[in-house]
Amino acid sequence: MSILQSAKVVFHLGISSSDPKKKTFIHLSPSHCKTKAAAARSRRTPEREDTFAWNSLIQSHLANNEFPLVVSAYLQMLEHRVPLDTRTLPRVLDASRLMRDFPLAKQLHAHSLKLGFSSHHYAVTALIHIYADLDTLPMAQKLFDNSPSRNAVCWTLLARLYLHGGNPTLALALFHQMLALDDGVAVDHVAVATACSACGMMRSLPQARIMHDVARKCGLDSDVLVCNSLLKMYSDCDSMSDARLVFEKMPCKDVISWTSMICAYVKRGGFNEAFKLFREMIRAGFKPDSHSISAFLPGCGRIASLNQGREIHGYLLRNGIHSNLRVNNALMDMYVKSGCITSASNVFAGINKKDTISWTIMILGYSLHGQGKLGVDLFRQMKNSKVLIDDSAYAAALLACSTARMVEEGRIYFNLIRVPTVAHCALKVVLLAQFGLFMEARTFIEERGIEKHPEILRKLLEGCRMSGQYTMGKQIVEQLCELEPLNAENYVMLLNWYAGSGKWHMVQKMRETIRDMGLKPKKAYTWTLFRNKVHVFGTGDVSHPRSERIYSELQGLIEKMRAKGLEPNWDFRLHDVDEERECIRIGHSELLALSFGLISSHAGPVRLAKNSRMCNGCHSFAKFVSKMIRREIIFKDPNFFHHFNDGLCSCGDFW
């Protein structure tokens with residue numbers, strides 16, 4: 001019977017080792033044997049006694065991810081009785097781990113025991129990794145505890161495995177055990193960096209300071225890897241002052257140092273500081289890589305940071321930096337969030353191999369900018385491609401259907417989702433409600449048992465607002481007050497409903513309720529960018545240096561609107577801001593910011609952003625202004641982008 005015909009092959013070979021009389025067995029499946037035969041045909045094997053050459057061949061296969069060929073070469077060493085050394089088995093063990101072949105790994109473990117290599121630290125390290133990956137961490141720990149040879153690499157590896165398993169406390173405890181040893185185990189920069197990662201995962205600032213002190217005592221506080229780890233550790237512990245101090249004191253920074261610091265600021269909303277660091281990084285002679293760019297771009301995803309995002313994009317183009325898929329996705333996301341849907345579409349069109357994220361960002365972008373039909377068309381293209389459609393992609397498609405008011409398509413796409421989440425259900429509810437299908441929406445909510453989710457009720461409320469179903473809207477707000485008794489916005493919506501219905505005694509009662517509960521209703525703010533400076537306006541704001549001209553411009557526009565027989569619809573029922581109802585109409589924050597934008601520039605779109613929903617009156621006023629002055633107004637609220645152009649809004653008056 002040939003070696004390739006057998007279901008299982010047993011090699012009974014004498015192997016030259018520390019004891020030439022020892023013999024060992026290894027069981028291999030036919031696939032391993034076929035690989036062995038293929039390797040024999042494709043490559044010339046080294047000389048029989050040349051262990052170094054055989055090890056080099058194994059290492060070459062390992063580096064090229066040719067794991068079965070590693071096993072094949074090892075078998076040939078056994079057949080040719082080539083002497084093994086301390087580097088042979090660890091490499092074959094690594095191959096078995098990467099193949100996820102635990103039976104083979106256990107046989108190789110037996111080999112290492114029989115041949116006397118199991119106590120060598122190379123083999124110990126490989127075996128710990130195998131048992132952690134293919135069995136359990138406790139088994140890896142047991143192997144570690146029973147090993148007579150434990151160097152810093154073994155200690156650090158086990159600590160990192162605990163980190164990857166989500167147990168930073170045990171990883172840090174292991175590091176401190178290593179520090180307490182008297183057998184001369186040297187603590188290196190990798191061990192300290194691993195312990196820093198554990199402190200960061202624990203978000204423990206006291207432990208972080210202890211680790212920083214350990215790094216100093218070990219003389220490693222100037223090492224680049226350790227400094228980068230300390231920087232990230234302090235950032236994860238929300239101590240930006242300590243992170244910045246480490247960064248400033250670093251004797252030698254690399255791209256990772258700059259990127260980590262920039263990411264830390266972006267994560268915490270410090271976009272201006274992040275951009276300053278990005279410019280300093282370039283001036284210092286460091287060329288940002290794709291990771292640096294993609295880490296910084298999310299900080300530019302705001303209307304106020306559009307120019308910075310464009311500057312980064314321009315830098316990429318001017319310097320010929322390769323924009324990989326991750327960078328292109330980040331560019332698309334930045335343009336979508338800063339109001340430039342056309343630029344996002346251009347980036348999307350230039351991507352040759354799009355992934356799920358690429359498609360989802362663009363579908364979502366079209367939906368947020370009121371171009372739902374384009375979003376649905378794009379989702380159809382995505383379905384015809386070979387890209388995986390995940391939950392986020394379906395959510396984007398449902399939002400596109402809602403924006404385009406394509407109810408039937410929305411029903412179909414919802415039914416394709418294997419396990420719909422509450423977020424998916426909320427999108428279907430608003431799709432039905434805004435089309436006036438409240439009975440179907442109610443039935444759907446009851447069947448799913450999601451009537452107690454505030455997110456669902458808010459989407460139903462959106463449909464009531466769009467359809468003018470204010471009585472039903474009031475009932476939903478009352479339910480929200482019961483579910484979220486400490487949310488001031490719910491009481492404000494109820495207060496505005498009573499005010500719109502002329503029930504002033506109830507308005508006063510709601511105000512007393514809000515005051516007695518110690519709730520603080522949010523205030524409305526709108527901001528715009530002019531000459532790289534952000535101008536913020538509040539309701540009734542008169543603090544701006546150009547306030548007189550701002551109010552005068554607004555008054556003139558209102559008069560021109562009335563002269564044409566038009567009047568903004570100042571209906572505040574179910575509106576979530578109280579102060580706007582009581583303020584003079586031209587004192588709304590979005591109108592002040594709009595007026596400032598108009599008097600400060602005379603060409604190009606006026607870009608505005610607000611922290612709350614735009615009221616009906618301001619919406620109709622913006623439509624009139626866009627037609628009268630023939631300028632586009634791009635307005636971002638927490639949910640959508642409104643593109644006002646020639647008297648129309650991209651939302652179709654459904655928002």
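Residues numbered from 1 in each chain as written. Predicted model: local features only at pLDDT ≥ 70, side-chain atom pairs only at ≥ 80, totals over all residues. Heavy atoms only, no water.

You will see that Arg100, though not glycine, has its phi angle at about 60°, which is positive. Position of Arg100 among the secondary structure elements: in the loop between α4 (88-98) and α5 (102-115). For Arg100, a relative accessible area of 54% corresponds to the exposed category. Of note in this structure, Arg630 is not a glycine but carries a positive phi near 55°. (Helix = DSSP H or I, 4+ residues; strand = E, 2+ residues; numbered from the N terminus. Buried < 20%, exposed > 50% of the residue type's maximum accessible area, 1.4 Å probe, protein only.)

Under the UniProt annotation, "repeat: PPR" (unreviewed entry) lies at residues 254-288 and 355-389. End C-alpha to end C-alpha, residues 254-288 measures 10 Å, and it is 74% helix and 0% strand. Its end C-alpha atoms 10 Å apart, residues 355-389 is made of 74% helix and 0% strand. (UniProt positions renumbered as here; feature names shortened; annotations may be inferred.)

This brings us to the domain arrangement of the protein chain. Domain annotation of the protein chain identifies domain 1 (253-351), domain 2 (485-521) and domain 3 (525-649). Between domain 2 and domain 3, the C-alpha centre-to-centre distance is 26 Å. With 11 residues of domain 2 at the interface, the matching set in domain 3 holds 9 residues. It is Met493, Asn496 and Arg511 that lose the most area in domain 2 upon contact with domain 3, and together they represent 51% of the buried surface on that side. Across the contact surface, domain 2 and domain 3 share 1 salt bridge. A salt bridge links Arg511 to Glu582, with the shortest nitrogen-to-oxygen separation between them at 2.3 Å. Elements with a contribution of two residues or more to the side of domain 2 that touches domain 3: α28 (488-500) and α29 (504-516). Residue composition of the side of domain 2 that touches domain 3, by class: 7 nonpolar, 2 polar and 2 charged. (Domains from an automatic or database assignment. Contact = heavy atoms within 4.5 Å. Buried area = accessible area lost by both parts, 1.4 Å probe. Salt bridge = Lys/Arg side-chain N within 4 Å of Asp/Glu carboxyl O. Nonpolar A, V, L, I, M, F, W, Y, C, P; charged D, E, K, R; others polar.)

Looking now at the state of the cysteines. Throughout the structure, instances matching the rule amount to 0 disulfides. For the unlinked cysteine Cys154, the closest cysteine sulfur is that of Cys218, found at 19 Å. Judged by relative accessible area, which is 0%, Cys154 ranks as buried. The thiol of Cys583 is not disulfide-bonded; the next cysteine sulfur, from Cys618, is found 9.5 Å away. (Disulfide = S-S within 2.5 Å.)

Sequence positions flagged by UniProt for "domain: DYW" (unreviewed entry) are, in local numbering, residues 565-655. Secondary structure across residues 565-655 divides into 32% helix and 18% strand, with the first and last C-alpha atoms of the span separated by 25 Å.

All told, the structure shown has 28 salt bridges when counted by the stated rule. One salt bridge connects Asp236 with Lys232, and the closest N-O pair in it is separated by 3.0 Å. One end of the pair is Asp236 and the other is Lys232, both in helix α12 (residues 224-236) and 4 residues apart, which spans about a single turn. Among the salt bridges present, the one from Lys610 reaches Glu590, with a minimum N-O distance of 2.9 Å. On the criterion of sequence distance, the pair formed by Lys610 in strand β5 (residues 606-610) and Glu590 in helix α32 (residues 589-600) is long-range, its members being 20 residues apart. On the basis of relative accessible area, Lys610 is assigned to the buried category, the value being 4%.

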